[in-house]
Structure formats: C-alpha cells, structure tokens
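Each chain is listed here by its residues.
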Amino acid sequence: AQSVTQLGSHVSVSEGALVLLRCNYSSSVPPYLFWYVQYPNQGLQLLLKYTTGATLVKGINGFEAEFKKSETSFHLTKPSAHMSDAAEYFCAVSVIKAAGNKLTFGGGTRVLVKP
Amino acid sequence: EPEVTQTPSHQVTQMGQEVILRCVPISNHLYFYWYRQILGQKVEFLVSFYNNEISEKSEIFDDQFSVERPDGSNFTLKIRSTKLEDSAMYFCASRRGVTGANVLTFGAGSRLTVL
C-alpha cells in the first residue's frame, strides 16, 4: 500500500519569497506522484505530475517539483510567492493497477502569503 | 476544457435521510471515483468504478454507500441513511485510462451537511 506524508500543515511565506512544500511518499512499486491545489471553496486542480523520465517537473503557475527516489521525496517549490498562491496543496501518489489505480493523498499544507 | 460536473453544490439533510450526489464525468473517460474531505482533514478515497462495477473501495465505503452509473453519463453516490459523520465535501473524479498520462480530473465538489 502507498502513503504520503506532508511535513507542515501550515506554511506562511512573504510575497516574493521562496515557497517550499515537503512531501515524502511510501510505495512498494515505482509511483506516480502529483501535486494538487485547492483554492477556497473550490475543487482540486492538478499543478504537476511525475510519471517517468525527467525528475524535475514543471507545472502551472510557476511551480515545480523534483522526484528524488533515494529520499522518497517529491517536494514542491516556487521561487517567488504571489498572493494568489494562498491555497491548500496536496501531494498524492498513485500506482498502476489492473483497474482504477486510486490516488492516495497527503494531509495537505495550507499556504498563507503575507504582503 | 472538459469538466467534471457535480450536483448539488451544497445539500443539507437530516440524519437518517437518504442522499444522492450526482456527477457527470468527462464524456470519454472510463474510470470514475468518489473521494471525500471532512472539514480540515485530508482527501480520502471512497470508491473507484470501471466497466460498470466497483473496482476498489475503502473501509469507509460500507453498506450505507452505493454507486451506480445509471444512464452512461451520470455517476451517482448514494448514502442510504446519513449520519452526522457523513458531513463532508464529496468529490467526483474521472480518468480516461490508467496510464500515467491520464490524470484524475476532479469536480468542484458537493458539500453535504447532516444535521
């Protein structure tokens, strides 16, 4: 079974500062990894994903994440935070199965951006 | 861009009542899912559905829950006799296939409040 741990349920950053959200996963087989963002009162929107190939993946809104197999990590970064980045961010893992391959989510990290 | 549509956006019900939450997945998608998010908690997998049958379900998805795809377009989640602890945001999601390129697309959610 797979699992995801997000370190820090809340992160506060200043506008223009680096955003770093940590995600560690556990999986018995090579995983697919995802970051989703949830804005207030909205659904889950895909930010980026890692499946195979290049370990540094770029997503929407200037976010990127790096898959590090040796560290079982998939941390999300953005060089310069914007007020519009205030949201909750979920890391998720998935493995291929015969049918369905569900996503397993981490607990989420709520980002507050200070002016 | 194709969307997953969920109705209602918010439903308030009395404990013990039956509730049906409706979803219209993206038209060429083959895999369907329900997730829930209790306020302030992580997004939890409930059930996956493929080829007109449940492919996987979590321990949360007990006999009070059922899913069906009655007409080839809608995908419904029924809770037979709601409990207070069923209060949550319920997300429907769909996916074209199981390869890594085929990510889950989520709807905006249906908020269920059980009184």
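Residues numbered from 1 in each chain as written. Chains lettered and ligands numbered in written order. Predicted model: local features only at pLDDT ≥ 70, side-chain atom pairs only at ≥ 80, totals over all residues. Heavy atoms only, no water.

J.: I'm lost on the sheet that holds strand E1 (residues 3-7) of chain A in this one. Help?
T.: Either a parallel or an antiparallel arrangement is found when strands of a sheet pair, and the pairing is made through backbone hydrogen bonds. All names here are of chain A. Spatially, 5 strands are ordered E1-E3-E8-E7-E6 in an open sheet, and the strand pairing comes out antiparallel. Single-partner strands in this sheet number two, and they are E1 and strand E6 (56-58). Neighbour to neighbour, the strand axes of the sheet diverge by 20° on average, direction disregarded. With 5 bridges connecting them, strand E7 (residues 64-68) and strand E8 (residues 73-78) associate as antiparallel partners. (Pairing = 2+ DSSP bridges. Helix = DSSP H or I, 4+ residues; strand = E, 2+ residues; numbered from the N terminus. Axes fitted to C-alpha atoms, helices over the stretch in contact; angles between N-to-C directions.)

J.: Whenever I open this one, the packing of aromatic side chains confuses me. Can you help?
T.: For any pair of aromatic rings, the description rests on two quantities: the centre-to-centre distance and the angle between the ring planes. Inspection of the entire model under this criterion finds 18 aromatic pairs over all chains. Both rings, one in Phe34 of chain A and one in Tyr36 of chain A, keep their centres 6.4 Å apart while their planes meet at 35°; by these two values the pair is tilted. For the pair Phe34 of chain A and Tyr36 of chain A, a shared accessibility class is recorded, and that class is buried. Taking the centre distance of 6.0 Å and the plane angle of 65° together, the rings of Phe105 of chain A and Phe106 of chain B count as edge-to-face. With Phe105 of chain A in strand E10 (residues 103-105) and Phe106 of chain B in strand E10 (residues 105-106), this residue pair bridges two chains. Comparing Phe105 of chain A with Phe106 of chain B shows no difference in burial state: the two are buried. (Phe/Tyr/Trp six-rings, centres within 6.5 Å; stacked < 30°, edge-to-face > 60°. Buried < 20%, exposed > 50% of the residue type's maximum accessible area, 1.4 Å probe, protein only.)

J.: Teacher, can you tell me more about the side chain of Asp86 of chain B here?
T.: All names here are of chain B. Structurally, the position occupied by Asp86 is in the loop between strand E8 (75-79) and strand E9 (88-95). There is no salt bridge for the buried Asp86, and the closest opposite charge comes from Arg36, which lies 4.3 Å off by N-O distance. With residues up to four places along the chain from it excluded, the contact list for Asp86 reads Arg36, Phe65, Ile79, Ser81, Leu112 and Val114. (Lys, Arg positive; Asp, Glu negative; His and termini not counted. Salt bridge = Lys/Arg side-chain N within 4 Å of Asp/Glu carboxyl O. Contact = heavy atoms within 4.5 Å.)

J.: Explain the interface of chain A and chain B to me, please; I cannot follow it from the model alone.
T.: Interfaces are often described in size by the accessible area the parts lose on coming together. Counting residues at the interface gives 22 residues for chain A and 23 residues for chain B. Here chain A meets chain B over a buried area of about 1800 Å², counting both sides, of which 56% is carbon and sulfur. Joining chain A to chain B, the criterion identifies 1 salt bridge. Put simply, Lys102 of chain A and Glu56 of chain B hold a salt bridge, and the shortest N to O gap is 3.2 Å. Linking chain A with chain B are 5 residue pairs in polar contact (both at pLDDT 80 or more). Of the residues forming the side of chain A that touches chain B, the biggest block, 4 residues, is contributed by strand E4 (residues 32-38) of chain A. Within the side of chain A that touches chain B, the residues separate by chemical class into 10 nonpolar, 9 polar and 3 charged. (Buried area = accessible area lost by both parts, 1.4 Å probe. Polar contact = N/O pair within 3.5 Å; in protein donor to acceptor, adjacent residues only side chain to side chain. Nonpolar A, V, L, I, M, F, W, Y, C, P; charged D, E, K, R; others polar.)

J.: Explain the nonpolar core to me, please; I cannot follow it from the model alone.
T.: In this structure, Leu21, Trp35, Leu47, Leu48, Phe74, Leu76 and Tyr89 of chain A are the most contacted members of the largest nonpolar core, which totals 27 residues. Among the elements of the structure, strand E2 (10-14), strand E3 (19-26), E4, strand E5 (44-50), E7, E8, strand E9 (87-94) and strand E11 (109-114) of chain A are those that each provide at least two residues to this core. In contact with Leu21 of chain A, other than residues within four places in its own chain, are Val11, Trp35, His75, Leu76, Tyr89, Thr109 and Val111 of chain A. Among the nonpolar cores identified, the runner-up in size contains 22 residues, and Phe65, Ile79, Tyr90 and Cys92 of chain B belong to it. (Core = buried A, V, L, I, M, F, W, Y, C linked by side-chain atoms within 4.5 Å.)

J.: Help me out: how do you make sense of the sheet that holds strand E3 (residues 19-24) of chain B in this one?
T.: Residues and elements named next belong to chain B. Strand order in the open sheet formed by 4 strands is E1-E3-E8-E7, with antiparallel pairing between adjacent strands. A single partner strand is all that each edge strand has here, and the edge strands are strand E1 (5-7) and strand E7 (65-68). Neighbour-to-neighbour, the strand axes of this sheet turn through a mean angle of 15°, independent of strand direction. As paired strands, E1 and E3 are joined by 3 bridges and run antiparallel to one another. Its bridge partner lying in E3, Gln6 is registered against Cys23.

Distances and angles like these do not, on their own, reveal function.
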